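Notes for the structure review
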Amino acid sequence: TRHHQIVIVGGGTAGITVAAQLTKGWFNKLDVAVIEPSDKHYYQPLWTLVGAGLAKKESTERSEASVMPRRVQWIRDAVTEFLPEQNSLRTRDGQTITYDWLIVASGLQLQWEKVNGLKGAIGKNGVCSNYSYATVDTTSEAIRNFRGGNAIFTNPSGAVKCGGAPQKIMYLADDLFRQAGIRDKTQIIYASALPNIFAVEPYKSTLEQVVKRKQIDCRFRHELPRQALRQDS
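Here goes a summary of the coordinates provided. Every value quoted in this text rests on a predicted model; they were computed, and no experiment measured them.

**Thoughts on helix α5 (residues 136–145)**
For an α-helix, 3.6 residues make a turn, and residues three or four places apart therefore share a direction. Among the residues of α5, V136, T138, T139, S140 and I143 are the ones counted as buried. Elements in contact with the buried residues of α5: α2 (47–51) and α6 (165–179).

**Thoughts on the environment of E81**
Tracing the backbone shows E81 in strand β6 (residues 79–83). Residues E81 and T96, 15 residues apart in the sequence, show an inter-C-alpha distance of 9.5 Å. Setting aside residues up to four positions removed in sequence, E81 forms contacts with L89 and R90.

**As for the environment of D217**
Mapped onto the secondary structure, D217 falls in strand β11 (residues 217–220). Through-space distance from the C-alpha of D217 to that of D100 is 50 Å; in sequence the pair is 117 residues apart. Residue contacts for D217: discarding those within four places in its chain leaves Q187, I188, I189 and Y190. Within the structure, D217 has its side chain in polar contact with the side chain of Q187 (distance 3.3 Å).

**What to know about the pattern of salt bridges**
According to the stated counting rule, one finds eight salt bridges in the structure shown. Note that E208 and K204 form a salt bridge whose closest N and O atoms lie 2.9 Å from each other. Of the two residues, E208 and K204 both sit in helix α7 (residues 203–213), four residues apart, roughly one turn of that helix. Residue class for E208 comes out partly exposed when judged on its relative accessible area of 33%. One connected set of salt bridges, linked through shared partners, spans D174, R178, R183 and K214.

What counts, and at which threshold
- Residues numbered from 1 in each chain as written.
- Predicted model: local features only at pLDDT ≥ 70, side-chain atom pairs only at ≥ 80, totals over all residues.
- Heavy atoms only, no water.
- Buried < 20%, exposed > 50% of the residue type's maximum accessible area, 1.4 Å probe, protein only.
- Helix = DSSP H or I, 4+ residues; strand = E, 2+ residues; numbered from the N terminus.
- Contact = heavy atoms within 4.5 Å.
- Polar contact = N/O pair within 3.5 Å; in protein donor to acceptor, adjacent residues only side chain to side chain.
- Salt bridge = Lys/Arg side-chain N within 4 Å of Asp/Glu carboxyl O.

Here is the structure:
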């Protein structure tokens, strides 16, 4: 059993950023620990630009040790159980860690199998995703090789790593299609499970004008398995 004032679960961009803020300036005497099993760190916000062919995915990869703040204690382990009533948690290696404050920034797990046929199709025949280091290159390849037709960008229900990412790559693709001279041959479809383009004003009103100006066909309350692929592909 070990104790830390602040325990952060997850050493991705969120966890590392919070850890860095909590160990500088007036906070530099705090006892902060980050629990992260991976020895690799990926700056995932840049994957949208990788998908557009504007950055190399290798530039998003670092060793976890190189991004860990100096005053933070890195626990190379994974959490298996939270015990909030005891202000403690248990890890894969059998440690019990107690804390005064807990920050959970463990990220999301990709579950391709939740969409019918997606697991076997991802990365092939123009089916691509920016949400994985292994598949992000296929997005830039698909955009580069696109010659016109239906370009479908999807936003599922539930939590996603970045709620704006499906729109960001869509706007970048729109620009790249215009540069390639094929935008007039292309129908861009945004199939979103959400009821509108964005939940928060004034971004919602602004983005409504953006999709109107770019002539993007928005289809809300559409889930990929049941509607978007069957109707539009």
